[in-house]
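Reading the structure
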Amino acid sequence: MRPFVFINVAMSADGKISTRERRQVRISGDEDFSRVDRIKAESDAIMVGIGTVLADNPSLTVKSEERRAGRRAAGRDEHPIRVVVDSEGRIPLSADILHKGTGKRIVAVSARAPPERVEALREHATIITAGDEAVDLAALLEELYRQGVRRLMVEGGGTLIWTLFEQGLVDELQTFVGNIVIGGKDAPTPADGTGFLREADFTQLRIIEAVRLDDGLLIRWSVERQ
Ligand code: NAP
């Protein structure tokens, strides 16, 4: 068993999620910011790849005091469990995600993480070891389910999202398409990695809804076949 997995990503009109220097950019506006905060507050856990932590240093906390209070009233931590996929345990011990806001953190490593690194991280996070080289995402999701996670939000980046699609581990995709063009053949996209080669392998989506939001468009897709 695994949690319901949904991906949230903001991309430019030309399908980029940051600049070619992997610098974080504002793609959406206040309405979308509030939507993202709401879906974060509705999730049991929120997951990112180490590339995103190193590039953006996000805290992934729930920003609205009202929503945090709502979670407290329901007997939950103020913030969803923050999960970082990081084979070698490269996350800086000072990363915001390990310090900002109360609640549990999980760093998922593989067998190639140096033991001393894992020990240092244990002071700040629960460690899950899955996989020999990269983190075994299917095994990680099973373990998260075992630990009570039923709804998992994935906030990027393109490498992690790609592997989740490749391995058929995604239930829903939420794409905000912003009114900017970033350009650059090397700028990250919502699903990077190697990509599928055969049409038969493409993940098939169905639109659940498409609404105007800020100066862009929010599209919610369900995964029909993977
Ligand atoms: P990423 O997807 O955040 O992290 C990828 C890294 O995770 C891999 O390089 C690998 O590093 C680790 N990993 C371990 N096991 C893995 C597995 N099974 N599958 C995939 N990855 C695994 O990094 P990224 O692709 O470089 O994306 C970062 C960029 O995305 C930044 O530019 C950021 O600004 C952007 N971003 C944009 C948005 C948006 O919505 N616009 C959201 C988030 C991020 P190790 O081998 O070291 O473990």
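All of the points below concern the structure found in this document.

Further remarks concern the overall build of the chain. On a plain count of helices and strands, the chain comes out with 7 helices and 9 strands. A compact globule built from 226 residues should have a C-alpha radius of gyration of about 17 Å, and the chain, at 17 Å, falls within 12% of that. Principal axes of the C-alpha set define a box for the chain whose edges measure 45 × 45 × 35 Å. Long-range contacts, defined here as pairs at least 24 residues apart, represent 69% of the contacts in the chain between residues at least 6 apart. For the chain, the centre of its 32 positive side-chain charges and the centre of its 36 negative side-chain charges are spaced 2 Å apart.

Residue G157 follows G156 across a cis peptide bond; omega there is -5°. The residue G157 is located in the loop between β6 (151-154) and α7 (158-166) in this model. Non-glycine residue N57 carries a positive phi angle of around 45°. For N57, a relative accessible area of 34% puts it in the partly exposed group. Although it is not a glycine, D214 adopts a positive phi angle of roughly 50°. The residue D214 is located in the loop between β8 (204-213) and β9 (216-225) in this model.

Neighbouring the ligand are 28 residues, the closest being S18, T52, S87, E155 and T159. A distance of 3.1 Å is found between an oxygen atom of the ligand and a backbone nitrogen or oxygen belonging to G51. A distance of 2.9 Å separates a nitrogen atom of the ligand from a polar backbone atom of V135. The fraction of the free accessible surface of the ligand (940 Å²) that becomes covered by protein chains is 87%. At the level of secondary structure, the elements contributing two or more residues to the shell around the ligand comprise β1 (4-11), α2 (50-56) and α7. Taken together, the residues of the shell around the ligand sort by class into 12 nonpolar, 10 polar and 6 charged.

So, on to the nonpolar core. Of all hydrophobic cores here, the largest spans 31 residues; its most connected members are M47, L140, L144, L152 and V154. Those residues in contact with L152 that sit more than four places away from it in its chain are P3, F4, V5, F6, A45, I46, M47, L141 and L144. With 21 residues, the next largest nonpolar core counts I91, I97, A125 and M153 among its residues.

Moving on: the sheet that holds β1. By definition, the strands of a sheet pair up through backbone hydrogen bonds, in either a parallel or an antiparallel sense. Spatially, 9 strands are ordered β5-β4-β3-β2-β6-β1-β7-β9-β8 in an open sheet, and the strand pairing comes out mixed. The sheet terminates laterally at β5 (126-129) and β8, the two strands that pair on one side only. Averaged over neighbouring strand pairs, the angle between their axes works out to 20° when direction is ignored. Inspection of the sheet shows strand β2 (residues 45-49) paired to strand β3 (residues 81-85) by 5 bridges, in the parallel sense. Residue pairing for β3: M47 is matched across the bridge by V83.

This brings us to the pairing of β1. Residues in a regular strand project their side chains so that they alternate between the two faces of the sheet. A large share of β1 lies buried, amounting to 6 of its 8 residues. Sheet topology note: the β1/β6 ladder contains 4 bridges and is parallel. Residue pairing across strands places F4 opposite R151, the latter belonging to β6. Bridge count between β1 and strand β7 (residues 172-177): 6 bridges; the pairing is parallel. Across the sheet, I7 pairs through a bridge with L173, a residue of β7.

Among the structural elements, K40 can be located in helix α1 (residues 30-41). Buried charge K40 goes without a salt bridge, the closest partner of opposite sign being D37 at 4.2 Å. From its side chain, K40 meets the backbone oxygen of T61 in a polar contact 3.0 Å long.

Conventions used here
Residues numbered from 1 in each chain as written. Predicted model: local features only at pLDDT ≥ 70, side-chain atom pairs only at ≥ 80, totals over all residues. Heavy atoms only, no water. Helix = DSSP H or I, 4+ residues; strand = E, 2+ residues; numbered from the N terminus. Rg over C-alpha atoms; globule rule 2.2 N^0.38 Å. Contact = heavy atoms within 4.5 Å. Lys, Arg positive; Asp, Glu negative; His and termini not counted. Charge placed at Lys NZ, Arg CZ, Asp CG, Glu CD. Buried < 20%, exposed > 50% of the residue type's maximum accessible area, 1.4 Å probe, protein only. Near = heavy atom within 4 Å. Polar contact = N/O pair within 3.5 Å; in protein donor to acceptor, adjacent residues only side chain to side chain. Areas by Shrake-Rupley, 256 points an atom, 1.4 Å probe, with all protein chains shown as cover. Nonpolar A, V, L, I, M, F, W, Y, C, P; charged D, E, K, R; others polar. Core = buried A, V, L, I, M, F, W, Y, C linked by side-chain atoms within 4.5 Å. Pairing = 2+ DSSP bridges. Axes fitted to C-alpha atoms, helices over the stretch in contact; angles between N-to-C directions. Salt bridge = Lys/Arg side-chain N within 4 Å of Asp/Glu carboxyl O.

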